[in-house]
Each structure stands twice: as structure tokens, then as C-alpha cells.
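# Reading the structure
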Amino acid sequence: MIEERIQELAKLETEISGKSIKQTMGYDLPYSIDNVKFIAGASRILEGKAMAEYVKEGSSAIRREPIGVVGVITPWNYPLMMVVWRAFPALAVGNSVVVKPASYTPLTTLELAKIVEKAGVPKGVFNVITGPGGVVGEELARNKNVDMIAFTGSTEVGKKLSELASSTLKKVSLELGGKAPFIVFEDADIDAATEGAVVGGLVNNGEDCANSTRYYVQESVKNKFIEVLVRKLRNVRIGNPMDINTDIGPLISNAHRERVEGYIEAGLRQGGKLIEGGKRPKIRGLEKGFFLSPAVIYTENQKSDIVQEEIFGPVFTVLPFSSYDEVIAKSNDVVYGLGASVWTKNIKIALNGVRDLRFGTVWVNEHVPVPSEMPWAGYKQSGHGASLSAYSLEEFTYIKHVYFDLTGKVRKSWYYQIYSAQ
Ligand code: NAP
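Here goes a summary of the coordinates provided. (Residues numbered from 1 in each chain as written. Predicted model: local features only at pLDDT ≥ 70, side-chain atom pairs only at ≥ 80, totals over all residues. Heavy atoms only, no water.)

## Notes on the sheet that holds strand 1 (residues 52-55)
Ordered by their spatial adjacency, 3 strands build an open sheet running 1-2-17, and the pairing between neighbours is antiparallel. For this open sheet the edge positions go to strand 1 and strand 17 (397-405), each flanked by a neighbour on one side alone. For this sheet the average axis-to-axis angle between neighbouring strands, irrespective of direction, equals 45 degrees. Relative to strand 17, strand 2 (residues 58-66) runs antiparallel, the two sharing 9 bridges. Paired with Ile62 across the bridge in strand 17 is His401. (Pairing = 2+ DSSP bridges. Helix = DSSP H or I, 4+ residues; strand = E, 2+ residues; numbered from the N terminus. Axes fitted to C-alpha atoms, helices over the stretch in contact; angles between N-to-C directions.)

Below, the structure is given as C-alpha cells:
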């Protein structure tokens, strides 16, 4: 049913978020549909330990059961997809959900609710409540009738929700911010790396938790990397997101654009050098749009705000490195741990990087893709939930151990602990 309305939903998603129609039509909607199909199928093959005799006198098995009522709180950057990632696995394994969409972007969630209703899901199983996070979201976290919170959003709000949920000790699943390193070793294919860097940094207007944001480039190829990156960025078309020829649209709000600009200023104040962009381009007929041209900043200050904090905008921070150990240490030196990528042709470097990077996803010679079958999960302050894959279904179940006595005896062998041997 989502497929039948794909064009209309993609258009609405672009209208509410500012991301390009090229992306919502070509990626957000088709990918979300694939996610739904995967979740529906995977819910038919839940896993647990086999029923067997783990002790002599009994047989044990695992049941997976729904947790109950799940409060799902979603962000504005992937309004429809985040409902699919969080509410749909919860539904598929038997929970009911109360979804609180982001205040900027509730409309596709409301359309999805209509589709769910039309598909025959009983009333009261999929619910949507719009309203400010500080009111509706906090109530979901506090309310004793809500059994679990699945939150996707900022680390700051994730912490607040964990605190509120502690009054009832309800389960909290958190998918939070990111600060992905993009590590380019000197043997990498610079053309492929810069191509991947542009997309990794700009996908979803640079408002993606997976975006590459810190470009660690080995000294010997640093200048070449920056030169090719800047050349490629100059060809990116900024404009009306409804135009099929637009690559990136406006940011979500003026306040957010000012926040991103604040980071650019801080980066320069803290020793960085602006190489390109970071300006407000004038788009004819859309003078009030919250556009920002992709900024490239070179810095050697690992402690700079633009290296340590999530900016959530089109800002490329380039840093040099000389050795493997140095770059791994710097890459891991943030509170986040969502995604990271390694660009090299050397299998030893790639495999070591995969092991040493403390991130939930590590790409090799690529940045961003996550197949529906694979988990998207954070380390450290990027949270501790899992979206997609079979793990996302496990997230929304309790595991129940069931034990069957096999002896039929009145006094089993271990009862001597109370009934001492006579
Ligand atoms: P946000 O400010 O944390 O808001 C997310 C949701 O939480 C919104 O629905 C918001 O409602 C609500 N909220 C705000 N304050 C709240 C409170 N005190 N109590 C309960 N709920 C509250 O995040 P955002 O700016 O929408 O989204 C961007 C963030 O999401 C980034 O940090 C990004 O990295 C993260 N993200 C992570 C993933 C992932 O998979 N790890 C995916 C996508 C996005 P209102 O809109 O009404 O304020």
C-alpha cells in the first residue's frame, strides 16, 4: 500500500523536510518499502535456543513475547523511514505502538497511520500523537502504561528520556547522534574516495546521523584530496528540493542553519581554515529558503568543536594524519560511535581498521549503505538499540524461558536442598 502511494508520499516527505525529491523518490521511499518487506518476513523466523534437555530432568525452551505498549519517538531527518525502522518491527512481533513524530515533520507519519488503518490493523494498535517533545515525548517516557521507549534522535534528548524512564524502569532503546570518521590512507583511490566523500557528507542535506563528517587524510595525499573534493563540491546543485535536478535542498529550519553556521565560526576561531563554501546561496524565487553551501574546513585541532560535536549540516572537516595508530586513536576520540569508513586498497589496513574502530558500522571503500538485513546500531553515546535486521525484532520482545519437568517424580534430585537426605 505504501508502494501504491510512493510518488505522493515522496513528494510530501520532500515538502516537509527539504530533502531532494531525487532522494525521497529514489532512496527514502523504495528503501523504506524494502525495510517493511524485510521486517514482515523476518518476524516469521524469530530465533532463540532450541528446545532441549539442558539438565537431566527437564526440557527447556525459549518463547519470544511482545513487551506491550511501545512509545516511538522519531526525528525530523527521516520522518517516514524512522517510523518504519522503529514502529514496524515493534508491530510485527505483537506490540502496540504510540508514535510521536518530530514537530517539524508529522505529515508522512499521519499518512502512514491512515495506510496502517486501511491495511486492517485493529484500532488502538498503531497510534500517533503529535505535539512538542517536551510534553508528549516526556509523558510517554514517564507514563506507567507505556512499557518501552524506542527513541531515535539526539544524544541529549536520549539521556533525558533514559532518566524519565527510570522511574518505571521501562526498557529504552536509543538510536542517537553520530560523528563519523572517513579515513583516507595514501594508497586509496582518491577519485573514488572524494566521490564517496561528497555523497557521504551531503546525503540528506548533511542532516544524516551516518554522514561522514571528519575526513582524516594521510599527509602525502592531503592536498590532492582537498583539491579534488572541492572541485566535486562545486558541481553540487543546491536549490528547490522539488526540482529533480537538485542535489541538496534547504536545511530544516533557520534556527538549525544558524546553529550550523555557529559551528563553522567556532571551527575557524579554534584554528581551522575555511577552504570553501559555508555561505548562504541566493536561489532565485526561494530567497527565504534555509540554504547553505557545503563548507570545507581544514584543521589540525582534534579538540575543536567541529571535530568533537555533531553538526548535522553540510560541513566537511578535513584533518591530516601520519600513522595508522594515530588515526585510529583520533577517530575513536569522540563520544559517538555510529558509523566510520576506511578507504584503502590494503587488506591488512582494512581488516585492522574494521576491528579497531569503535563504531556500530564500519564501511570499507564506501560510506552510508545499510542493507535491510544488517543492523544499524550505535556504540558509546550513539545509543544501544538496533534498527533493521533480525536484531531489530528481538529488541521489541521479552525472552521467556519455559521449563518442563520430564521425571514425573514427587521429589526431584535437587530437592535435597530443602528436604535433606533422610
Ligand atoms: P531531537 O531534537 O532529539 O528530537 C527527536 C524527537 O524527540 C522529536 O520527536 C522531538 O520532538 C522529541 N523530543 C525533543 N525533546 C524531547 C524531550 N525533552 N522529551 C521527549 N522527546 C523530545 O532530534 P532531531 O533534531 O529531531 O533529530 C536529529 C538527531 O537525530 C541527530 O542527533 C541525529 O544524529 C539523530 N538521528 C539518529 C539516527 C540513528 O539511527 N542513530 C537516525 C536519525 C537521526 P519535537 O520535534 O517536538 O521537538
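## Focus on the nonpolar core
Grouped burial of nonpolar side chains is what soluble globular proteins tend to show. Val70, Trp85, Ala87, Phe88, Val97, Phe126 and Trp376 are the most contacted members of the largest nonpolar core, which totals 44 residues. For this core, the elements supplying multiple residues, two or more each, are helix 1 (6-17), helix 2 (21-42), strand 3 (69-73), helix 3 (79-92), strand 4 (96-100), helix 4 (107-118) and strand 6 (148-152). The element best represented in this core is helix 3, accounting for 10 residues. Aside from chain neighbours lying at most four places away, what touches Phe126 is Val83, Ala87, Phe88, Leu91, Val97, Val99, Ala113 and Val116. In this structure, Val184, Val198, Phe225 and Val228 belong to the second largest nonpolar core, which totals 24 residues. (Core = buried A, V, L, I, M, F, W, Y, C linked by side-chain atoms within 4.5 Å. Buried < 20%, exposed > 50% of the residue type's maximum accessible area, 1.4 Å probe, protein only. Contact = heavy atoms within 4.5 Å.)

## Description of helix 1
When the terminal C-alpha atoms of helix 1 are compared, their 16 Å separation across 12 residues agrees well with the 16 Å that a helix rising 1.5 Å per residue should span. For helix 1, the complete set of buried residues consists of Ile6, Leu9, Ala10, Leu12, Glu13, Thr14, Ile16 and Ser17. Structurally, helix 1 contributes buried residues whose contacts are with helix 2, helix 3 and helix 4. Where helix 1 terminates, the next one or two residues include Gly18, which has phi positive at roughly 85 degrees. (Expected span 1.5 Å × (residues − 1).)

## A word on the site of the ligand
If you check the shell around the ligand, you find 31 residues, and the closest are Thr74, Lys100, Ser103, Ser154 and Glu310. One of the side-chain N or O atoms of Trp76 is found 2.9 Å from an oxygen atom in the ligand. Across the complex, the protein chains shield 87% of the 910 Å² of accessible surface that the ligand would expose by itself. Counting residues per element, the ones that place at least two in the shell around the ligand are helix 5 (133-142), strand 6 and helix 6 (155-165). Among the elements that line the shell around the ligand, the one with the most residues is helix 5, at 4 residues. Taken together, the residues of the shell around the ligand break down into 15 nonpolar, 12 polar and 4 charged. (Near = heavy atom within 4 Å. Polar contact = N/O pair within 3.5 Å; in protein donor to acceptor, adjacent residues only side chain to side chain. Areas by Shrake-Rupley, 256 points an atom, 1.4 Å probe, with all protein chains shown as cover. Nonpolar A, V, L, I, M, F, W, Y, C, P; charged D, E, K, R; others polar.)

## Focus: the sheet that holds strand 6
A sheet is described by the order of its strands in space; here 5 strands give the open sequence 5-4-3-6-7, paired in parallel fashion. Of all strands in the sheet, those bounded by a partner on one side alone are strand 5 (126-128) and strand 7 (171-175). Each neighbouring strand pair of the sheet contributes to a mean axis angle of 15 degrees, computed without reference to strand direction. Both strand 4 and strand 5 contribute to a ladder of 3 bridges, which runs parallel. Note that in strand 5 the partner of Val99 across the bridge is Val128. Here helix 3 sits on the sheet in contact with strand 3, strand 4, strand 5, strand 6 and strand 7, set at roughly 160 degrees to strand 4. Taken strand by strand, helix 6 contacts strand 3, strand 6 and strand 7, and its axis lies near 180 degrees from that of strand 7.

## A closer look at the pattern of salt bridges
What the rule picks out here adds up to 26 salt bridges. In this structure, the salt-bridge partner of Lys160 is Glu138, at a minimum N-O distance of 2.8 Å. Taken together, the positions of Lys160 in helix 6 and Glu138 in helix 5 put the pair 22 residues apart, joining distant regions of the chain. Among the residues examined, Glu138 registers a relative accessible area of 15% and is labelled buried. (Salt bridge = Lys/Arg side-chain N within 4 Å of Asp/Glu carboxyl O.)

## Regarding unusual backbone geometry
Positive phi is not limited to glycine here, since Lys380 has a value of about 50 degrees. Position of Lys380 relative to the elements: it lies in the loop between strand 15 (376-377) and strand 16 (386-387). Even without a glycine there, the phi angle at Leu388 is positive, about 60 degrees. In this structure, Leu388 sits in the loop between strand 16 and helix 13 (391-394).

## With respect to the packing of aromatic side chains
Evaluated as defined, the whole model comprises 12 aromatic pairs. With centroids separated by 5.3 Å and ring planes inclined at 20 degrees, the aromatic side chains of Tyr215 and Phe316 adopt a geometry described as stacked. You can see Tyr215 sitting in strand 9 (residues 212-218) and its partner Phe316 sitting in strand 12 (residues 315-321), a full 101 residues away along the chain. Of the two residues, Tyr215 and Phe316, neither departs from the other in class, the shared state being buried. An aromatic cluster of three or more residues is present, and its members are Phe182, Tyr215, Phe225, Phe316 and Trp343. Geometry around Tyr419 places Arg411 over its ring, the cationic atom sitting 4.1 Å from the centre. (Phe/Tyr/Trp six-rings, centres within 6.5 Å; stacked < 30°, edge-to-face > 60°. Lys NZ or Arg CZ within 6 Å of the ring centre and 35° of its normal.)

## With respect to the packing of helix 2 against helix 3
Between helix 2 and helix 3, whose axes approach to 10 Å, the crossing angle comes to 10 degrees. Judged on the interaxial angle alone, helix 3 and helix 2 are roughly parallel. Contacts from Tyr27, Asp28, Leu29, Tyr31, Ser32, Asn35, Val36 and Ile39 of helix 2 reach helix 3 at Leu80, Met81, Val84, Trp85, Phe88, Pro89 and Ala92. For the contact of helix 2 with helix 3, the residue count by class is 12 nonpolar, 2 polar and 1 charged. (Parallel < 35°, antiparallel > 145°, perpendicular 65-115°, else oblique.)

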